[in-house]
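Residue-level listing of the chains:
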Amino acid sequence: MLEIYAGSNALKTIQKHGFKQELFTNFLGASGGPKWFCLFGLDKYLFGDFFKNRSTELNIVGSSAGAFRAACFAQNDPVAAIERLADKYSHTVYSEKPDLAEITKTAIDLLDYVFGDTGPNEIIANDIFKAHFIVAKSNGLVSFENKLIQMAGLISSILLNKIDRRLLNVQYERFVYHSPLSTVKIDDPYKLNTQYVDLNINNIRKALLASGSIPYVMEGIKNIPGSPKGMYRDGGIIDYHFDFLLENTNKNINNEINNLTLYPHFNAEPKAGWFDKSSSRKVLAKNYDNIVLMCPSKAFIASLPFQKIPDRNDFKNIDADTRIKYWQTVLSETDKLADHFNEFLVKQAISQIKQFDF
């Protein structure tokens, strides 16, 4: 039902110390829109139980939907916040042919509902759960809102990425909007230009909205306060499922077990960037050496309505009533994954962990 994978160092560490929350200093949340619904039960369990009494920092790094989840986990009541996100997002209904403005307005309403009155201040002040939102500053043709020009830019991105992922530097810069208390840095083997900006009350809304601003679907976000002027879009463009190392300069516990990353994900085959979705390029094994990835099994997915996890195509392929019922069923069923993980922890069934084979 729930599958757990680990890099070689992560597996050795867990075999030595057991599977416990103190081993992890980082947490990843990937892009993917409503695909995230298949992790809802796990998210509630992880931040309602597993990490509940944590006293050392956990750096929560997300792009797009993963950034919205990070914004929930860094609030004072993370379970209530993630429930608000799931409820509002799963009940979203668009007009028959929504334009960029309508979809963007809906995203703003979602963000406001998730934040509530105090969310932004809680996230900024949290010295344990430190949020990081990845955003892609878009330059050249991909910075335009005109669909024809933007599409030409995206086609260029596809070609550049196919030749060499490093060439995405021509069109994109990675911006990490993070807790002002964070010392985490990204070690990127592809050397994509990366800048770090402290979250504050003036930029947190625009930064989070930008992280989920899907090209050709939503309006980009211009001129985020405290950042270079320009157009900012979905962080998943360059960091869809992640292919980098996270380095912490603050050492909270014994260095031997300091830097493991917990990564609930949709499947066991992560892709680096958005333009790698249909490519054969695999993530680099060394970047997953300290990662523990949890994902629903194929059997669990086959048990769901339509035998798949939710995705954005459901908005156009399934009528609203059927889609909402389907998504609510998925959200409910994911409690079984949380139960499985709890059983795994109680039994410390380390032998169930599989090692990555990429």
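A. Structural context of the overall build of the chain. Summing up its helical and strand segments, the chain has 12 helices and 13 strands in all. Computed over the C-alpha atoms, the radius of gyration of the chain is 19 Å, within 12% of the 21 Å expected from 2.2 N^0.38 for a compact globule of 358 residues. Taking the principal axes of its C-alpha atoms as reference, the chain extends roughly 55 × 45 × 45 Å. Looking at the 358 residues of the chain, the share that counts as buried comes to 56%. Taking all contacts inside the chain whose residues are at least 6 apart in sequence as the whole, residues at least 24 apart take part in 78%. Here the chain displays about 14,800 Å² of accessible surface, and carbon together with sulfur accounts for 51% of that area. Charge separation in the chain, taken as the distance between the mean sites of 41 positive and 40 negative side-chain charges, equals 5 Å.

B. Fine view of the packing of aromatic side chains. Counting across every chain of the model gives 31 aromatic pairs. An angle of 55° between the planes, with centres 5.5 Å apart, marks the rings of Trp-274 and Phe-275 as tilted. Taken together through their ring pairs, the aromatic side chains of Phe-19, Phe-24, Phe-27, Tyr-45, Phe-47, Phe-50, Phe-51, Phe-73, Phe-129, Phe-341 and Phe-344 make up a single cluster. For Arg-165, the ring lying beneath its charged end belongs to Tyr-190, and the centroid distance is 5.2 Å.

C. Up close: unusual backbone geometry. In this structure, Tyr-216 takes a positive phi of about 70° despite not being glycine. With respect to the helices and strands, the residue Tyr-216 is situated in the loop between helix 8 (204-211) and strand 8 (221-222). Look at Tyr-216 and you get partly exposed, because its relative accessible area is 29%. Located in the positive-phi region is Phe-306, a residue other than glycine, with phi close to 65°. Mapping Phe-306 onto the fold places it in the loop between helix 9 (298-302) and helix 10 (314-317).

D. Broad picture of the environment of Lys-147. The topology assignment puts Lys-147 in helix 7 (residues 147-163). On a C-alpha basis, the gap between Lys-147 and Tyr-216 in space is 6.7 Å, while along the polypeptide they are 69 residues apart. When neighbours within four sequence positions are excluded, Lys-147 is seen to be in contact with Leu-100 and Tyr-216.

E. Spotlight on the environment of Ile-103. Mapped onto the secondary structure, Ile-103 falls in helix 5 (residues 100-115). Taking the C-alpha atoms as reference, Ile-103 lies 8.3 Å from Glu-219; in sequence the two are 116 residues apart.

F. Structural view of a nonpolar patch on the surface. A contiguous nonpolar patch, built from Leu-141, Phe-144 and Ile-149 and spanning about 240 Å² of accessible area, is present on the exposed surface. Within the fold, Ile-149 resides in helix 7. In this structure Ile-149 comes out as partly exposed when scored by relative accessible area, which is 30%.

G. Quick look at the pattern of salt bridges. Across all of its chains, the model carries 17 salt bridges by this definition. A salt bridge links Lys-137 to Glu-173; its shortest N-O distance comes to 3.8 Å. Separated by 36 residues along the polypeptide, Lys-137 in strand 4 (residues 129-138) and Glu-173 in strand 5 (residues 172-178) bring together distant segments of the chain. As far as the burial class goes, Lys-137 and Glu-173 line up, both buried. Close ionic contact of Asp-239 with Arg-174 constitutes a salt bridge, the shortest N to O distance being 2.7 Å. Residue Asp-239 is found in the loop between strand 9 (231-234) and strand 10 (245-247), and its partner Arg-174 is found in strand 5; the two are separated by 65 residues along the sequence. As far as burial versus exposure is concerned, Asp-239 and Arg-174 are alike and both buried. Salt bridges sharing common partners tie together Arg-165, Arg-174, Asp-188 and Asp-239.

H. Region of the structure containing the pairing of strand 11 (residues 260-264). Along strand 11, 5 of the 5 residues are buried, which leaves the element largely enclosed by surrounding structure. Here strand 11 shows two buried faces, one formed by Leu-260, Leu-262 and Pro-264 and the other by Thr-261 and Tyr-263. Of the pairings in the sheet, the one linking strand 2 (residues 24-29) to strand 11 comprises 3 bridges and is parallel in character. Across the sheet, Phe-24 pairs through a bridge with Leu-260, a residue of strand 11.

I. Spatial organisation of the layout of surface pockets. One number sums up the size of the largest pocket: a volume of about 1,100 Å³. In this structure, the largest pocket is lined by 43 residues; those nearest its centre are Tyr-94, Ile-214, Val-217, Arg-312 and Phe-315. Secondary-structure elements contributing two or more residues to the lining of the largest pocket are helix 3 (65-73), helix 4 (78-90), helix 5, helix 10 and helix 11 (320-333). Ranked by residue count, the leading element in the lining of the largest pocket is helix 5, at 5 residues. Its residues assigned to classes, the lining of the largest pocket comprises 21 nonpolar, 10 polar and 12 charged. When its volume is computed, the second largest pocket comes out at roughly 410 Å³. Lining the second largest pocket are 21 residues, and of these Tyr-5, Asn-267, Ala-268, Glu-269 and Asp-357 lie nearest its centre.

What counts, and where the lines are drawn
For every chain, the first residue of its written sequence is number 1, and the numbers climb from 1 along that sequence. In keeping with the model being predicted, local features are shown solely for residues with a pLDDT of at least 70 and side-chain atom pairs are shown and tallied solely at 80 or more, while totals for entire chains, interfaces and linings include all residues. Calculated side-chain values reflect all of the structure's heavy atoms, with hydrogen atoms and water omitted. A run of H or I in DSSP becomes a helix once it reaches four residues, and a run of E becomes a strand once it reaches two; helices and strands are each numbered from the N terminus. We compute the radius of gyration from the C-alpha atoms alone; for a globule the expected value is 2.2 Å times N to the 0.38, where N is the number of residues. With a 1.4 Å probe rolled over the protein chains alone, any residue whose accessible area is under 20% of its type maximum counts as buried; one over 50% counts as exposed, and the rest are partly exposed. In this description, contact between two residues means that some pair of their heavy atoms is separated by no more than 4.5 Å. Here the accessible surface of atoms and residues is derived via Shrake-Rupley with a 1.4 Å probe, and residues count as covered only by protein chains that are part of the display. Note on charges: Lys and Arg go in the positive column, Asp and Glu in the negative column, and His and the chain ends are not counted at all. Just so you know, the charge point we use is NZ for Lys, CZ for Arg, CG for Asp and CD for Glu. Each aromatic pair joins two rings of Phe, Tyr and Trp (for Trp, the six-membered one) with centres within 6.5 Å, and gets the label stacked for planes under 30 degrees apart, edge-to-face for over 60, and tilted for any other angle. Cation placement over rings: the criterion is NZ of Lys or CZ of Arg within 6 Å of the ring centroid and within 35° of the ring normal. What goes into a patch is any residue over 30% in relative accessible area without a salt bridge, connected to like charges within 9 Å or, for nonpolar side chains (Val, Leu, Ile, Met, Phe, Trp, Tyr), within 5 Å. Salt bridges are identified by distance alone: a Lys or Arg side-chain nitrogen within 4 Å of an Asp or Glu carboxyl oxygen. The pairing criterion for strands is at least two bridges between them, as found by DSSP. Cavity and pocket criteria rest on a 1 Å grid covering protein atoms alone: a 1.4 Å probe that fits but cannot get out defines a cavity, protein on both sides within 12 Å along at least 5 of 7 lines defines an open pocket, and an atom within 4 Å of a point defines a lining residue. Grid points are joined across faces, edges and corners, and a volume is the space filled by probe spheres set on the points. Note on residue classes: Ala, Val, Leu, Ile, Met, Phe, Trp, Tyr, Cys and Pro are nonpolar, Asp, Glu, Lys and Arg are charged, and everything else, Gly too, is polar.

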